[in-house]
Number of protein chains: 2
Amino acid sequence: MTPTTYTSRVFTLESLDVPGGTETVLRGGRNLFPLLPDAFAGIRRIGVIGWGPQGRAQALNLRDSLAGTGITVAVGLRPGSRSAADARAEGFTEESGTLGDWLAVTADSDLVILLIADSALAAHHRELFAALKPDAVIGLSHGFLLGHLRESGGEFPAGHAVIAVCPKGMGDSVRRLYVQGAEVNGAGINSSFAVHADPDGRATDLALAWSVAIGSPYTFVTTLDGEYRSDIVGERAILLGAVHGIVESLYTRQRLAGAAEITAYERSCENVTGPIARTISRAGLLAVREELDAPGRDIFDGAYTAAYGPAREIVAEVYDEVADGTELRSVILAEQRLGARPMSRIGGSPMWAVGESVRALRAERELSVDPFAAGVFVGTMMAQVDEFAERGHAWSEIVNESVIEAVDSLLPYMHARDVAHMVDNCSRTARLGARRWGPRFQAAYEQIAYPAADDPADAALLAAFTTHPVHEALATAAKLRPPVDISVA
Amino acid sequence: MTPTTYTSRVFTLESLDVPGGTETVLRGGRNLFPLLPDAFAGIRRIGVIGWGPQGRAQALNLRDSLAGTGITVAVGLRPGSRSAADARAEGFTEESGTLGDWLAVTADSDLVILLIADSALAAHHRELFAALKPDAVIGLSHGFLLGHLRESGGEFPAGHAVIAVCPKGMGDSVRRLYVQGAEVNGAGINSSFAVHADPDGRATDLALAWSVAIGSPYTFVTTLDGEYRSDIVGERAILLGAVHGIVESLYTRQRLAGAAEITAYERSCENVTGPIARTISRAGLLAVREELDAPGRDIFDGAYTAAYGPAREIVAEVYDEVADGTELRSVILAEQRLGARPMSRIGGSPMWAVGESVRALRAERELSVDPFAAGVFVGTMMAQVDEFAERGHAWSEIVNESVIEAVDSLLPYMHARDVAHMVDNCSRTARLGARRWGPRFQAAYEQIAYPAADDPADAALLAAFTTHPVHEALATAAKLRPPVDISVA
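Here is what the cut-offs are and how they apply
- Residues numbered from 1 in each chain as written.
- Chains lettered and ligands numbered in written order.
- Predicted model: local features only at pLDDT ≥ 70, side-chain atom pairs only at ≥ 80, totals over all residues.
- Heavy atoms only, no water.
- Helix = DSSP H or I, 4+ residues; strand = E, 2+ residues; numbered from the N terminus.
- Rg over C-alpha atoms; globule rule 2.2 N^0.38 Å.
- Buried < 20%, exposed > 50% of the residue type's maximum accessible area, 1.4 Å probe, protein only.
- Contact = heavy atoms within 4.5 Å.
- Lys, Arg positive; Asp, Glu negative; His and termini not counted.
- Charge placed at Lys NZ, Arg CZ, Asp CG, Glu CD.
- Pairing = 2+ DSSP bridges.
- Salt bridge = Lys/Arg side-chain N within 4 Å of Asp/Glu carboxyl O.
- Axes fitted to C-alpha atoms, helices over the stretch in contact; angles between N-to-C directions.
- Least-squares fit on C-alpha atoms with pLDDT ≥ 70 in both.
- Expected span 1.5 Å × (residues − 1).
- Buried area = accessible area lost by both parts, 1.4 Å probe.
- Polar contact = N/O pair within 3.5 Å; in protein donor to acceptor, adjacent residues only side chain to side chain.
- pLDDT = per-residue confidence, 0-100.

S.K.: What am I meant to see in the overall build of chain A here?
M.R.: Of the regular secondary structure elements, chain A holds 22 helices and ten strands. In terms of C-alpha radius of gyration, chain A reaches 22 Å, essentially the compact-globule figure of 23 Å for 489 residues. When its C-alpha atoms are laid out on the principal axes, chain A stretches across 65 × 50 × 45 Å. Counting the 489 residues in chain A, one finds 64% classified as buried. Partitioning the contacts of chain A with sequence separation of at least 6, the portion at a separation of at least 24 is 81%. Side chains of chain A carry 43 positive and 61 negative charges; the gap between the two charge centres is 5 Å.

The following block contains the structure:
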């Protein structure tokens, strides 16, 4: 379904071996920055619209990468935006012509990167489109607007290239790892790119240039629709929603078995965001199981095979509803409803207070991987991998949306703060999705998976895991990224 | 939004005092059966299509009520239906011309009552419509088909009256309480009715006749759309989905506090389906609180005010998505997906095994209302009442869909079996809805409500409960129903 190859006039591309074939990838790095002016031919001014986490990170990275090229980066904000002060503090100012009203900056830019919140995009895209210069290129970092236009019967304006560069990680990670890239060349967050409209043939190289300039170690191709599906499903599943369901259910299971609060937290939330995520990031999925002792592997196997099926069922349901537009409609309804009725916060439940105590103890010891938690987590991750594979996503997209984004960006962030903080503070669309689907995963683990976890492990399911093509794909992807410090201060 | 008055040529109607005005109601009873031939003027043959719980109950009730009138009741089944044997055992036979292929029976009937499953209706309504006699009346017991036609761009066939009579209870209750009505005149399950299309002016009396003939003690008016919304929201909220969330979360809360399994079950599931339901059925909602001692009332108050807000949030979300058609799309997607991937069952979790032991102990003692469980349950019930009131439903519809159907039909059934059995065995649409939303309620109680239940109770919220207009509406509705034995064998 999603394409796997592309060509570039400017950049040297590589062919990645993946299960079943090859995929084109652009290996990034600061050594490519001298090529940026050529790849950005025709672009004198880039307007980054929005100063949320992505807007901020991308504007800073672009400006740093394009320093000295004569290509300016300006930030456009909606009237009354409270981000103006921080943007100015980072050197985007009215005086230098690099900060202004979002419509004014749009009208003045050759590449307009729309990084405002989904709801703002839904509400204001028509005005923004109307402000565009005739040949301006529209840039997105998320397929949401495509979904919205489809549901609402709207369209991208004709005659403009429409490209997307979608970092597979939070804005915070996009900036932080880019900065690390000054020391360790190639550090960054991977991105997918898509060309949705290309009136004059230059769209691909513009997208690649943008991706290189924001620091992507590894840029792979997709479609806006494929990005939309995998991203929105992912945040409701293994990236956030299911994680919440996993940690809540694991915590409760521990407490019901008599574990003290701190122990329960260490065997649930702390374990998933800490040692499990780090193991996968360092050494892949199989390593999680292989680095356990024999009794631990038995526990892992029982948990994995019990969790996989129920998790898969829900991922399939989420996927259907995202692909169908149904999930988007619920997001839009929620936006309307939340005007009158703000969303309650989940960070108040007792589990999260325990988290603070646990984080205070961290310096004192190294936590080992909990086999049961690992089996549930990896089982769920594999359920998403398999669902995406069944739906036709390319391997690059599968491994980035199902594994790498989780272990390199989101879980380290949660480790530093906690899952509830994440759920209560991430993008509105992700937050709504996590609140909607997290409990589904939680209930499925508690009511179906955990009662079955002591049954004999399903040998066929385990064999499918150990021989799975994803391990090869993940190892290949890992080769493109230098070892980075994924921890968050 | 929903109408509240109507007129009849045949039946004597009453005017019910409800908060803010009056509503028309038809008081049923076997004494009205002599009026049926006149009200059914023009109807010689009634075809009941489908032999699920509703089809079975309504066919039997109609045949009993119309005995000796010359109006025949025939049952139409899809080819290969496994219900044929049971229908024959109940006296609907090919030989007597009262059992046949669904299209043949449709073609032969003056009133065609479509009681097949929602998915079958979605798939086959066009064939059924095509088989209708020119003046045949289309009867439905659920607004689903209206929602489906809207989503799919279809229509009811022109020139046919379209009426609905919607019993506010399970098919099993519709039959069981009708049979009780032989002893206690007026026993039965209330129904709403709607006239969606009325080409010749007789639709209202046909609907009322149908409602009286199936034993409704109390028939009130609504629209197909209002019925659809309140019914589909209700089954995802206090009728089933939220009940599941309530009992799971209460059980876990008890166990986390150290209660033994049997005690935990008695203070959660057994309490809600048993003494709490019976108290509301006997004496209304306020009685649940008033019959507690002073410490119990304090606990109730804390639980009520903690649960109300989070529950209300979810009911509002469900309502938006049902009204918008989004929930229907998810049901349709699920039907497609379930062809390939059957739904897992939830009855295997340990809680339900405990239920069997608890039911074995029932004869030994009378369980008293658990104040915390009662506060959570009544708080959730009131959240639904308030949401329906805000959305403009008439009081009759509010109290039937939010209170009476729960305590007179569904909870007694769950008491005899258990909630998991219900979730695993009720109508496909209800089951999908309960599985989808139950965990949302559960998570909200566990993560938001219960941590706040020891906070000082919200006095304004409690005052709103004690002075609520719903108590008057419920008392008025109760006057129309003779005391019945709601327990299920």
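S.K.: How should I be thinking about the pairing of strand E8 (residues 162-167) of chain B in this particular structure?
M.R.: Along any regular strand, the residues point their side chains to alternate faces of the sheet. Residues and elements named next belong to chain B. Most of E8 is tucked away, with six of its six residues classed as buried. Side chains of E8 alternate between two faces, with Val 162, Ala 164 and Cys 166 and Ile 163, Val 165 and Pro 167 buried alike. Here three bridges tie strand E7 (residues 137-140) to E8, and the two strands are oriented parallel to one another. Its bridge partner lying in E8, Leu 140 is registered against Ala 164. Sheet topology places E8 next to strand E9 (residues 191-197); six bridges connect them, and they run antiparallel. Its bridge partner being in E9, Cys 166 is matched across the sheet by Ser 192.

S.K.: Would you take a moment to explain helix H7 (residues 171-180) of chain B for this structure?
M.R.: Every α-helix carries 3.6 residues per turn, so stepping three or four residues along brings you back to the same face. Extensive coverage of H7 of chain B is indicated by the burial of seven of its ten residues. Here the buried face of H7 of chain B lies against helix H2 (53-65), E8, helix H8 (203-213) and helix H18 (395-416) of chain B.

S.K.: What's the story with the pattern of salt bridges in this structure? I'm lost.
M.R.: Think of it this way: side chains of opposite charge can pair up when their charged atoms draw near. All names here are of chain A. Taken as a whole and judged by the stated rule, the model has 70 salt bridges over all chains. For Arg 56, the salt bridge goes to Asp 86, with nearest N and O atoms at 3.0 Å. With Arg 56 in helix H2 (residues 53-65) and Asp 86 in helix H3 (residues 84-89), the pair connects residues that are 30 residues apart, well separated along the chain.

S.K.: Please explain the sheet that holds E8 of chain B as it appears in this structure.
M.R.: Where strands meet in a sheet, backbone hydrogen bonds hold them as pairs that are either parallel or antiparallel. Residues and elements named next belong to chain B. Sheet architecture is open: ten strands sit in the order E1-E2-E10-E9-E8-E7-E6-E3-E4-E5, paired in mixed fashion. Where the open sheet ends on each side, the last strands, each with one partner, are strand E1 (14-18) and strand E5 (99-101). Taking the axes of each pair of neighbouring strands and ignoring which way they run, one obtains an average angle of 30° across the sheet. Sitting on the sheet, helix H9 (residues 224-236) touches E7, E8 and E9, and the angle it makes with E9 is about 135°.

S.K.: Help me out: how do you make sense of the relation of the copies chain B and chain A in this one?
M.R.: Put simply, the second copy of the chain is the first one after a rotation about an axis and a shift along it. After a rotation of 180° and a shift along the axis of 0.0 Å, chain B superposes on chain A with an RMSD of 0.0 Å. In the structure described here, the two chain copies are related by an operation that fits a two-fold rotation axis. When the interface residues of chain B are mapped onto chain A, 100% of them again fall at the interface, so both copies present the same face.

S.K.: For this particular structure, what's the right way to read H2 of chain A?
M.R.: The terminal C-alpha atoms of H2 of chain A lie 18 Å apart, and with 13 residues this matches the ideal 18 Å at 1.5 Å per residue to within 8%. Taken together, the buried positions of H2 of chain A are occupied by Gln 54, Gly 55, Ala 57, Gln 58, Ala 59, Leu 60, Asn 61, Leu 62 and Ser 65 of chain A.

S.K.: How should the interface of chain B and chain A be read in this particular structure?
M.R.: Often, the extent of an interface is quoted as the loss of accessible area on bringing the components together. Contact with chain B, which involves 41 residues of that partner, is made by 41 residues of chain A. Between chain B and chain A, roughly 3500 Å² of surface is buried when both sides are summed, and carbon and sulfur atoms account for 47% of that area. Here chain B and chain A share 14 salt bridges between them. Residues Glu 317 of chain B and Arg 337 of chain A are paired through a salt bridge, measuring 3.8 Å at the closest nitrogen-oxygen approach. Summed over the shared surface of chain B and chain A, the number is 18 residue pairs in polar contact (both at pLDDT 80 or more).

S.K.: Just checking my understanding: could you explain the confidence of the model for chain A for this structure?
M.R.: The predicted structure's coordinates, where accompanied by low pLDDT, should not be read in detail. Confidence along chain A averages 91 in pLDDT terms, with 96% of residues attaining 70 or more. Reported confidences for the modelled complex are a pTM of 0.87 and an ipTM of 0.81.

S.K.: Whenever I open this one, the sheet that holds strand E3 (residues 45-49) of chain A confuses me. Can you help?
M.R.: Residue and element names in this part refer to chain A. Spatial strand order, E1-E2-E10-E9-E8-E7-E6-E3-E4-E5: ten strands in an open sheet with mixed pairing. Across the chains shown, the open sheet's two edge strands, defined by having one partner strand only, are strand E1 (14-18) and strand E5 (99-101). With direction set aside, neighbouring strand axes in the sheet form an average angle of 30°. For strand E9 (residues 191-197) and strand E10 (residues 218-221), the ladder comprises three bridges, and the chain directions are parallel. Bridge assignment links Ser 191 to a residue of E10, and that residue is Thr 219. Along the sheet, helix H22 (residues 470-479) contacts E1, strand E2 (21-27) and E10; its crossing angle with E1, the most-contacted strand, is approximately 150°.

S.K.: Honestly, the side chain of His 125 of chain A in this entry has me stumped. Any pointers?
M.R.: The residue His 125 of chain A is located in helix H5 (residues 118-131) in this model. Excluding residues that lie within four positions of it along the chain, His 125 of chain A makes contacts with Ala 120, Leu 145, His 148 and Leu 149 of chain A.

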